[in-house]
Amino acid sequence: MTPPHHARRGPSRWLRIGIPALLVLVWLSVGSIGGPYFGKVDEVSTNDRSSFLPENADATRAGERLADFQGEESIPAVVVVTGEGELSESDAADVQTLADDIAELDGVHDDVSPPVASEDGEALQLFVPIDSSADVGEVVAAMRDLVAQNLPPGLEGWVTGPAGFTADLVEGFLGIDGLLLAVALIAVFVILVIVYRSPLLPVLVLTTSVFALCVALLTVWWLAKAGIVVLNGQVQGILFILVIGAATDYALLYVARFREAIAEGAERWDAVMQAWRGAFEPILASGGTVIAGLLCLLLSDLATNRALGPIASIGIAFSVLSALTFLPALLALFGRAVFWPFIPKAPLATIPDDLTQPVTGVWPRVARLVARRARTVWIVCTVVLLAGAVGVTQLKADGVPTSELVLGASEAREGQEVLAEHFPAGSGSPVYVIVREDDLTTAVEVLLEADGVDSVAVAAADSPTGQATVELDDGEPVFTAVGPPGTPAPEPTVAEGDVLVIGTLTDAADSVAAEDTVRALRADLDGTLGVGAAIVGGETATDVDTNDTSTRDRTVIIPVILVVILLILMVLLRSIVAPVLLIATVILSFGTALGVSAIVFNEVLGFPGADPAVPLYGFVFLVALGVDYNIFLMSRVREESLVHGTRRGILRGLVATGGVITSAGLVLAATFAALGVIPILFLAQIAFIVAFGVLLDTFVVRSLLVPALSFDIGRAIWWPSKMWRHDGATAGSEPVRVPAATSSELVAEDGHPLTREEYRRTLES
């Protein structure tokens, strides 16, 4: 017989243990499968910048055709050797022996060039084609070992060029699996121990975060394996940090609700369910907002940006799932013991109704400041933030030379500097121009007349070096091969009616001057041959196309993210005014973070500039995550306002969420700051911008600006919802009465504390 509804009870004791145990078992099983994939990421990742460009970019099209003219696809490396003054024939013989040894390495094509002497006779260079399918980092490391071991005393060599820079970049990312995670987890653990003063709770919270990352990585690895997404070290690092930070933040919000329930005397299962009901909507809304913002990156033309959107979204999805399933299951099994030795036995701090009386605790004091000086607080905060935002004008986010991407020592950068002292700085990283065979003469003429081009050659399969120098004699091209006198003049290689013209740049391939040369060449070739008749590629062209595409992405995606998040907030808060205010405060906070960061980058750290994608990434994370904290706050404010009225609800919501949001902000800032241990310029800049911006959001925007501005506006922030006309203060202008046992003061419906005389007159009326 079914018991009457009023007699039904919750799940049996066995279900209260069995359901959490099953959830824990599922998470442990799947997470254990994903754990080993931390060591397999390099199998599906790439750091080749050209692979990130859209298929219709000139650099991409040129790169796809190079193998037609040069044989197998390869990445060039340049070995430059110098001595003490002018080099002898014996030195040249030693370098030739080195070239023969390098040619025998696995991953190196046989056609290593003979030593090429500089005009001053003080340096020799080798051009080494490395198989693009090989592990470039390992091949370059082997080459550097040979250079160090085989060169006799008095000679010194460096491995540079595109392959050298790629190897240095790969080496920079080596610590991303172990060091980055270790630093992030240790920082988060220390913060959690300080906040909760418990040895067990931080372990459980970090367990949920790590297993969320394991499952996310397992999913992402197979997507990258299938070629659905592009994974590189940059995206990988951001995924690790984002999941650890977000999962911990969501866990802290749930723990705060669980702690409230325990302090009120709820039993283990009841506390878990009460916390779940209170945390479900804000966690889901926050995660959904971040995912929506990240998925806007799918509008990017750069594959690495498009990949970050779904990859990071997968991480956030598992962070939300972990916080709403794995963590509640663990808390259901451990109960109030997770807070040992400081188990909460009394309700947490609240804001008293009598704001003229002394209050205890940081957040009640902040709430009292907001109530007493709301307008002053938000005006001062706004002025300070605007002052910091002025620094945005100093941000140099128009691209960074490839040689500056790695912080600290870089053999490729040192070799590039030596190369520029003795050879044209663009040696080893030429500009490639693919034109119709009939247009060869015109194309050569354009390149020879360009100020930034030192020499011109064509791809020639019958030349010992695979190239033939070309000059114009009475308007006709003359081809010369490298070799002893009498070497027959080669013919250009023709593929599908096209020829490959190769221009050696006078400036370093990653310099601004080289980029200007490429832009000028494209304009001149379009003007003489017709638009699109010539395809210009190479390392410099890749940089140009990447920077231009990043700038376009930044211009298109940022407004879209704002609109998407604004619409989500409108649905969540059932209001127009409050979401607009929240978006405005987050934009202001982002501007300040970017402005202060620009000053720090330029004046303190001396960075050479920033990638155009840095502001975009900073915006995505700061806006999405900044709105996260506002969602935590305003969802609680709305909940309290339904009972106590808007202004009273703002104060109660601020006090209730102050501790947990501050802890979450510290955790997220610490995790993003951990990116700074990876010696990559882009990640170091993102680490500072996001960490500083999160702290700004936590301690200024969410703690002072948003509450004060909302308090000053009052219940009009809920316009046009019903709460605009009818919130928790339903008794018209009647003040909220306070029990005599706690206070002899009242607070009027508009939120200001009444004086004793006003209180007396109110009672008499």
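Attention here is on the structure that accompanies the text. (Residues numbered from 1 in each chain as written. Predicted model: local features only at pLDDT ≥ 70, side-chain atom pairs only at ≥ 80, totals over all residues. Heavy atoms only, no water.)

### Here's the deal with the overall build of the protein
Formally: Strands here mean DSSP runs of E at least two residues long; helices mean DSSP runs of H or I at least four residues long; both are numbered from the N terminus. A simple rule labels every residue: compare its accessible area, found with a 1.4 Å probe on the protein chains alone, to the largest value its type can have, and call it buried under 20%, exposed over 50%, or partly exposed in between. Only heavy atoms enter the contact rule, under which two residues are in contact if any of them lie within 4.5 Å. A 1.4 Å probe and the Shrake-Rupley method give the accessible areas. Residues count as covered only by the protein chains that appear here.
Of regular secondary structure, the protein possesses 21 helices and ten strands. Within the protein, buried positions represent 55% of all 765 residues. Across the protein, contacts joining residues at least 24 apart in sequence account for 79% of those joining residues at least 6 apart. Of the roughly 31,600 Å² that the protein leaves accessible, carbon and sulfur atoms contribute 58%.

### Regarding the pairing of strand β8 (residues 476-480)
Note the threshold: Strands qualify as paired when DSSP identifies two bridges or more between them.
With five bridges joining them, strand β7 (residues 467-473) and β8 adopt antiparallel strand pairing. Its bridge partner being in β8, leucine 472 is matched across the sheet by proline 477. Linkage of β7 to β8, two consecutive antiparallel strands, is achieved through a turn of two residues, within which aspartate 474 is found at a positive phi near 55 degrees.

### Observations regarding helix α13 (residues 411-422)
Quick note on the threshold: What a helix should span is 1.5 Å times the count of its residues minus one.
Helix length check: α13, at twelve residues, gives a terminal C-alpha distance of 17 Å against a target of 16 Å (1.5 Å per residue), a fit within 8%. Those residues of α13 that fall on the buried side of the exposure criterion are Ala412, Arg413, Gly415, Gln416, Val418, Leu419 and His422. Those residues of α13 that are buried are in contact with β1 (74-82), β3 (123-131), α4 (136-150), β4 (156-160) and α5 (161-172).

### Quick notes on helix α17 (residues 577-604)
Between its first and last C-alpha, α17 extends 40 Å over 28 residues, near the 40 Å set by a 1.5 Å rise per residue. Following α17 by one or two positions, glycine 606 adopts a phi angle in the positive range, close to 65 degrees.

### Remarks on unusual backbone geometry
Of the consecutive residues tryptophan 340 and proline 341, the connecting peptide bond is found in the cis state with omega at 10 degrees. Within the secondary structure layout, proline 341 lies in the loop between α10 (303-334) and α11 (362-372). The step from tryptophan 719 to proline 720 runs through a cis peptide bond, and the omega angle for that step is 5 degrees. One non-glycine residue, glutamate 496, lies in the positive phi region at around 55 degrees. Secondary-structure assignment places glutamate 496 in the loop between β8 and β9 (498-505). Residue class for glutamate 496 comes out exposed when judged on its relative accessible area of 63%. Of note in the backbone geometry, arginine 574 takes a positive phi value of approximately 50 degrees without being a glycine. Relative to the helices and strands, arginine 574 resides in the loop between α16 (539-573) and α17. Under the relative-accessibility criterion, arginine 574 is labelled partly exposed at 44%.

### Examining the sheet that holds β4
Keep this limit in mind: Fitting a line to C-alpha atoms yields each axis, with helices limited to the stretch in contact; the angle taken between N-to-C directions then spans 0 to 180 degrees.
If you trace the four strands from one edge of the open sheet to the other, you get β2-β3-β1-β4, paired in antiparallel fashion. Every other strand in the sheet has two partners, leaving β2 (116-117) and β4 as the edge strands with one partner each. Bridge count between β1 and β3: nine bridges; the pairing is antiparallel. The residue of β3 that forms the bridge with serine 74 is aspartate 131. Packed onto the sheet, α5 meets β1, β3 and β4 and runs at close to 95 degrees relative to β1. Of the strands in this sheet, β1, β3 and β4 are in contact with α13, which crosses β4 at around 110 degrees.

### Notes on the nonpolar core
Side chains of nonpolar character tend, in soluble globular proteins, to be buried together. Just so we agree on the cut-off: For our purposes a nonpolar core is just a set of buried Ala, Val, Leu, Ile, Met, Phe, Trp, Tyr and Cys residues, chained together by side-chain atoms within 4.5 Å.
Phe258 and Phe621 are the most contacted members of the largest nonpolar core, which totals 163 residues. Counting residues per element, this core draws most heavily on helix α8 (residues 233-263), which supplies 20 residues. Apart from the residues within four sequence positions on either side, phenylalanine 621 is in contact with Ile238, Leu242, Leu294, Leu308, Gly626, Phe672 and Val690. The next biggest cluster of nonpolar side chains, apart from the first, holds 31 residues, and it includes Val431, Leu440, Val446 and Val518.

### So, empty space enclosed by the protein
So the rule is basically this: Here the term cavity refers to a set of points on a 1 Å grid, laid over the protein atoms alone, in which a 1.4 Å probe fits but cannot get out; the term pocket refers to an open set having protein on both sides within 12 Å along at least five of seven lines, with lining residues being those that place an atom within 4 Å of a point. Grid points are joined across faces, edges and corners, and a volume is the space filled by probe spheres set on the points. Three classes are used, and their members are as follows: Ala, Val, Leu, Ile, Met, Phe, Trp, Tyr, Cys and Pro are nonpolar, Asp, Glu, Lys and Arg are charged, and the others, Gly among them, are polar.
All chains considered together, the criterion is met by three cavities of 30 Å³ or more. Sorting elements by how many residues they give to the lining of the second largest cavity places α8 first, with four residues. Of the residues in the lining of the second largest cavity, the class split is seven nonpolar, three polar and three charged.

### Description of the sheet that holds β9
Read from one edge of the open sheet, six strands run β8-β7-β6-β9-β5-β10, paired in antiparallel fashion. Strands with a single pairing partner mark the edges of an open sheet, and in this sheet they are β8 and β10 (535-538). Taking the axes of each pair of neighbouring strands and ignoring which way they run, one obtains an average angle of 35 degrees across the sheet. For strand β5 (residues 431-436) and β9, the ladder comprises six bridges, and the chain directions are antiparallel. From the neighbouring strand, arginine 436 faces β9, where its bridge partner is aspartate 498. Relative to the sheet, helix α2 (residues 58-70) contacts β5, β6 (453-459), β9 and β10, its axis offset from that of β10 by approximately 80 degrees. Across the sheet, α16 lies against β9 and β10, angled at about 100 degrees from β10, the strand it touches most.

### Here we look at the packing of α10 against helix α18 (residues 613-644)
Counted only if it meets this: When an angle is under 35 degrees it counts as roughly parallel; over 145 it counts as roughly antiparallel; between 65 and 115 it counts as roughly perpendicular; any other value is oblique.
Running from N to C, α10 and α18 cross one another at 10 degrees; their axes reach a closest spacing of 12 Å. In terms of orientation, α10 and α18 fall into the roughly parallel class. Of the residues in α18, those touching α10 at Thr304, Asn305 and Leu308 are Leu616, Tyr617 and Phe621. Taken together, the residues of the contact of α10 with α18 sort by class into four nonpolar, two polar and no charged.

### Some words on the pairing of β4
Counted residue by residue, β4 has four buried out of five residues, so it is predominantly covered. The pairing of β1 with β4 spans five bridges and is classified as antiparallel. The partner of threonine 82 across the bridge, within β4, is glutamate 156.

### Here we look at a negative patch on the surface
Applied cut-off: Residues qualify for a patch when their relative accessible area is over 30% and they have no salt bridge, like charges being joined within 9 Å and the nonpolar side chains of Val, Leu, Ile, Met, Phe, Trp and Tyr within 5 Å. A pairing counts as a salt bridge when a side-chain nitrogen of Lys or Arg comes within 4 Å of a carboxyl oxygen of Asp or Glu. This count recognises Lys and Arg as positive and Asp and Glu as negative, with His and chain-terminal groups excluded. Lys charges are placed at NZ, Arg charges at CZ, Asp charges at CG and Glu charges at CD.
Among the surface-exposed residues, Glu86, Glu119, Asp120, Glu122 and Asp454 lie close enough to one another that they form a single negatively charged patch. Within the secondary structure, glutamate 119 sits in the loop between β2 and β3.

### Looking at the packing of helix α6 (residues 179-196) against α8
For the record, the criterion: Here a crossing is called left-handed whenever its near helix is offset anticlockwise from the far helix by less than a right angle, and right-handed whenever the offset is clockwise.
Close contact between α6 and α8 brings their axes to 10 Å; oriented N to C, the two are set at 15 degrees. With respect to their mutual orientation, α6 and α8 come out roughly parallel. Seen along the crossing, α6 lies across α8 with a hand that is right-handed. When α6 is examined against α8, the residues Leu180, Leu181, Ala184, Leu185, Val188, Leu192 and Tyr196 are found in contact with a partner set consisting of Gly237, Phe240, Ile241, Ile244, Thr248, Leu252, Val255 and Arg259. Here the residues of the contact of α6 with α8 are counted per class, giving twelve nonpolar, two polar and one charged.

### Considerations on the packing of aromatic side chains
Put simply, the rule is: A pair of aromatic rings is counted whenever rings of Phe, Tyr or Trp (Trp by its six-membered ring) have centres within 6.5 Å, and the orientation is called stacked for planes under 30 degrees apart, edge-to-face for over 60 and tilted otherwise.
The tally for this structure, following the rule as stated, stands at 15 aromatic pairs. Geometrically, the ring pair formed by phenylalanine 211 and phenylalanine 326 is edge-to-face, given 5.8 Å between the ring centres and 75 degrees between the ring planes. Here phenylalanine 211, found in helix α7 (residues 200-225), pairs with phenylalanine 326, found in helix α10; they are 115 residues apart in sequence, far enough to count as distant. As far as the burial class goes, phenylalanine 211 and phenylalanine 326 line up, both buried.

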